[in-house]
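# Topology and contacts: notes
In case you want the letters, here they are:
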Amino acid sequence: MKQLDLGKEKIGKLLRTFAIPCIISLVVNALYNMVDQIFIGWGVSYLGNGATNVIFPITILCMAFSLMFGDGTSAYLSLKLGEKKKKEAGQGVCNGIILSVIVSTILSVIILSFLPQLVTLFGGTDNLRQFALDYGYIIGIGLPFVMIGTTLNSIIRADGSPKYAMISMVLGAILNIILDPIAIFVFDMGIKGAALATVISQFFTFAMNIIYIRKFKSIEVTKEDFKLKLKIMKNVSILGISSFITQMAIVIVITTENTLYNLYAVDSKFGADIPITVHGIVMKINMILTSIIIGIAAGSQPIIGYNYGAKNYDRVKKTLKMVLGISTIVSTVSFILFQTIPEILISIFGSGDELYNEFACLTFRIFLMLTVCNGIQIASGIFFQAVGKPAKSAFITLSRQILFFVPAGIILTKHIGVMGVLYAGPVADALAFIVAVILLIFEVKKLNKKSEQKEDSKTIDETIAQV
């Protein structure tokens, strides 16, 4: 923030500075689960991968809260700095951190107490159940570290240190890659070893981010700032509600998918275990490419938030245009990969039989058929969050996952069985894309109007000054 002027520096340079480290951080975060699945696939079995997919909604549930506090605090920080209110910005940061500490501790206790019931809720079959419990108990113990670390990671980026945030995530991921094969193959700990490696790596990232608290660039943190204030907590949470809903929607979608597979796939030639396992792997591969789009949009958040707060609406529009263009390119590349080399992508996670590979190719080519639309939809949601309009941001996110996918999945499976889950994907993507485009058009028109009013006011002031 001291080196780059968010209100004057070239937007391309700002976006590269903030987005690239953000992309790397998010991709690395997504890799935590992928690395586990790769080593589990080769060292345990595809049933081990299916078990991690059953636990995955639980980790996403916790990430929903940590990202709500982290992204909400980041948006609050950027907006208050744009308004030249440093004291309020500092209070927002401290309240966001405390919220993450309290909620993460409570969630960890609840999850460890009710893990067997949660495994059943999230679609654990008899074959997957014990693997899921072995993995889940260890992951549950480490949840406070990953949640607080994730919250801090978002705040650190918004404070103008995206490289620090990136490094803390990258080093943690590297440690995970080193520890996974040691725990699984050397010490023969199986799926428990994968979970332990993940928790140790996440604690390392957490420790690095905690150290940063005394190094904030844009604000000065005092002990008084750590006093909880209801109004600030409410504002931070509201600004981050879109990120919360995004993650919670994933939980609902995964639960719906696993339930439908349990109901309709069990009598198909694939059975229930293969679809649950394959779909989870495909979604985690897609998450890598989705993380790039989210990283681009999240990297633009400080730029858009600052300039919106400072009423530099032309810069807001230019940043939005650039983000949408890059995101569309990324989603197009994703579409090409999913349609052309699904066999290669799924083979990374270990070997499977003919039915396993067949369902994997179907999932890539059908479920992700319209992934090309996701660039606009995801970037739009984060844009509205950045300009302090969480309701619209939440609606864009909610439309794809909840309003469209869940009903489509339920209706289609009743008519065409297990394939209905796959075809529900493109249906939801198409409808959510339309919603996002419509809301963006109206918002850009409002920005144009505000920009014109600002120019008219400037002209009047100049005329008065001359008189």
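My aim in this report is to walk through the structure given alongside it, one point at a time. None of these values were measured; they are calculated from a predicted model.

On the secondary structure map, Asn307 appears in helix H10 (residues 273–309). Sequence-distant contacts of Asn307, defined by excluding residues within four places in its chain, comprise Leu6, Gly7, Asn312, Arg315 and Val316.

Attention shifts here to the nonpolar core. Proteins that are soluble and globular tend to have nonpolar side chains buried together. Of all hydrophobic cores here, the largest spans 113 residues; its most connected members are Phe65, Tyr135, Tyr261, Ile285, Phe359, Phe364 and Phe383. Here this core gets 16 residues from one element, more than from any other, and that element is H10. Setting aside residues up to four positions removed in sequence, Tyr261 forms contacts with Val266, Ala272, Pro275, Ile276, His279, Phe359, Val418, Val421 and Leu422.

A full pass over the atoms with the stated rule returns 13 aromatic pairs. Taking 5.8 Å as the distance between ring centres and 75 degrees as the angle between the ring planes, the aromatic pair formed by Tyr308 and Tyr313 counts as edge-to-face. Looking at Tyr313, the relative accessible area reads 10%, which means it is buried. Geometrically, the ring pair formed by Phe367 and Phe405 is edge-to-face, given 5.8 Å between the ring centres and 80 degrees between the ring planes. Residue Phe367 is located in helix H13 (residues 354–367), and its partner Phe405 is located in helix H15 (residues 390–416); the two are separated by 38 residues in the primary sequence. Here the basic side chain of Lys284 rests over the ring of Phe56, its NZ or CZ set 4.5 Å away from the ring centre.

To continue, consider the environment of Ile138. Relative to the assigned elements, Ile138 resides in helix H5 (residues 129–158). The exposure class assigned to Ile138 is partly exposed, which follows from its relative accessible area of 22%. Along the primary structure Ile138 and Lys192 are separated by 54 residues, whereas in three dimensions their C-alpha atoms are 7.3 Å apart. With near-sequence residues (within four places) excluded, Ile138 lies in contact with Lys192, Ala195, Leu196 and Val199.

Analysis parameters
Here, residues in each chain are numbered from 1, in the same order as that chain's written sequence. Totals for whole chains, interfaces and linings use all residues, but because this is a predicted model, local features are given only for residues with pLDDT of at least 70 and pairs of side-chain atoms are given and counted only at 80 or more. No hydrogens and no water enter the side-chain calculation; it runs on all heavy atoms of the structure. Comment: elements are numbered from the N terminus, with helices defined as DSSP H or I runs of at least four residues and strands as E runs of at least two. Whether two residues touch is decided by their heavy atoms; if any such pair falls within 4.5 Å, the residues are in contact. We call a set of buried residues a nonpolar core when its members are Ala, Val, Leu, Ile, Met, Phe, Trp, Tyr or Cys and they connect through side-chain atoms within 4.5 Å of each other. We call a residue buried when its accessible area falls under 20% of the maximum for its residue type, exposed when it is over 50%, and partly exposed in between, using a 1.4 Å probe and counting protein chains only. Between 30 and 60 degrees the pair is tilted, below 30 it is stacked and above 60 it is edge-to-face, where a pair is any two Phe, Tyr or Trp rings, Trp via its six-membered ring, whose centres lie within 6.5 Å. Only when the NZ atom of a Lys or the CZ atom of an Arg is both within 6 Å of the ring centre and within 35 degrees of the ring normal do we say a charge sits over the ring.

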